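Each chain is listed here by its residues.
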Amino acid sequence: MATTPTAAPSITQNFKPAFTRIPQKESFDCWLACIATIAGKTLDEVRAVAVDRFRHPAQGPYTFMDDSKIAVVSALELHGNRMERKKAQ
């Protein structure tokens, strides 16, 4: 009789993820945490750009973040401690 495995195979010890996961702190900042993870920045750095440059509310109430706003913030690149838009090549 065939058996079903009860555990998934383990990941090799040499596995290194491409990104360091940045966890969200509140229920409304998952999109900021995703951008921070991909950009390799802290959640606070990404949130500061969203608030300072894109009028994201600092204290709420929070509205739904649509794709166009997420695309603009995620297209930013960090130079030193300041985020700037990527220049078209």
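Here is a short report on the structure shown in this document. A quick note: this is a predicted structure, and the numbers were derived from the prediction, not measured.

1. Some points on the environment of Ala58
Point 1. Secondary-structure assignment places Ala58 in the loop between helix H2 (43-54) and helix H3 (67-74).
Point 2. Its relative accessible area of 46% is what places Ala58 among the partly exposed residues.
Point 3. In this structure, the C-alpha to C-alpha distance between Ala58 and Arg47, residues 11 residues apart in sequence, is 8.3 Å.

2. Describing helix H1 (residues 30-39)
Point 1. Inspection of H1 places Trp31, Leu32, Ala33, Ile35, Ala36 and Thr37 among the buried residues, and these make up the whole buried set.
Point 2. Just downstream of H1 lies Gly40, where phi reads positive at about 75°.

3. What about H2?
Point 1. In a regular helix each residue adds 1.5 Å, so 12 residues correspond to 16 Å; H2 covers 16 Å between its end C-alpha atoms and thus fits that length.
Point 2. Of the positions making up H2, those classed as buried are Leu43, Val46, Arg47, Val49 and Ala50. Projected down its long axis, H2 shows its buried positions confined to an angular sector of 155°, all on one face.
Point 3. Remark: Arg55 follows H2 within two positions and exhibits a positive phi of approximately 60°.

4. A few points about the pattern of salt bridges
Point 1. Considering all chains together, one arrives at 2 salt bridges under this definition.
Point 2. Note that Asp29 is salt-bridged to Arg47, the shortest N-O span being 2.9 Å. Taken together, the positions of Asp29 in the segment before H1 and Arg47 in helix H2 put the pair 18 residues apart, joining distant regions of the chain.
Point 3. Given the relative accessible area of 18%, Arg47 is considered buried.

5. A few points about the nonpolar core
Point 1. Trp31, Leu32, Ala33, Ile35, Ala36, Leu43, Val46 and Ala50 form the largest nonpolar core, which has 8 residues in total.
Point 2. No other element matches H1, which puts 5 residues into this core.
Point 3. Dropping the residues within four chain positions of it, Leu43 is found in contact with Ile22, Pro23, Gln24, Lys25, Asp29, Leu32, Ala33 and Ala36.

6. As for the packing of H1 against H2
Point 1. Across the interface, H1 lies against H2 with an axial gap of 9 Å and an inter-helix angle of 115°. Judged by the sense of rotation from one axis to the other, the crossing of H1 with H2 is right-handed. Facing H1, whose interface residues are Trp31, Leu32, Ala33, Ile35 and Ala36, H2 presents Leu43, Val46, Arg47 and Ala50.
Point 2. Residues belonging to the contact of H1 with H2 are distributed by class as follows: 8 nonpolar, no polar and 1 charged.

Conventions adopted
- Residues numbered from 1 in each chain as written.
- Predicted model: local features only at pLDDT ≥ 70, side-chain atom pairs only at ≥ 80, totals over all residues.
- Heavy atoms only, no water.
- Helix = DSSP H or I, 4+ residues; strand = E, 2+ residues; numbered from the N terminus.
- Buried < 20%, exposed > 50% of the residue type's maximum accessible area, 1.4 Å probe, protein only.
- Expected span 1.5 Å × (residues − 1).
- Arc of directions from axis to C-beta.
- Salt bridge = Lys/Arg side-chain N within 4 Å of Asp/Glu carboxyl O.
- Core = buried A, V, L, I, M, F, W, Y, C linked by side-chain atoms within 4.5 Å.
- Contact = heavy atoms within 4.5 Å.
- Axes fitted to C-alpha atoms, helices over the stretch in contact; angles between N-to-C directions.
- Left-handed = near helix turned anticlockwise from the far one by under 90°.
- Nonpolar A, V, L, I, M, F, W, Y, C, P; charged D, E, K, R; others polar.

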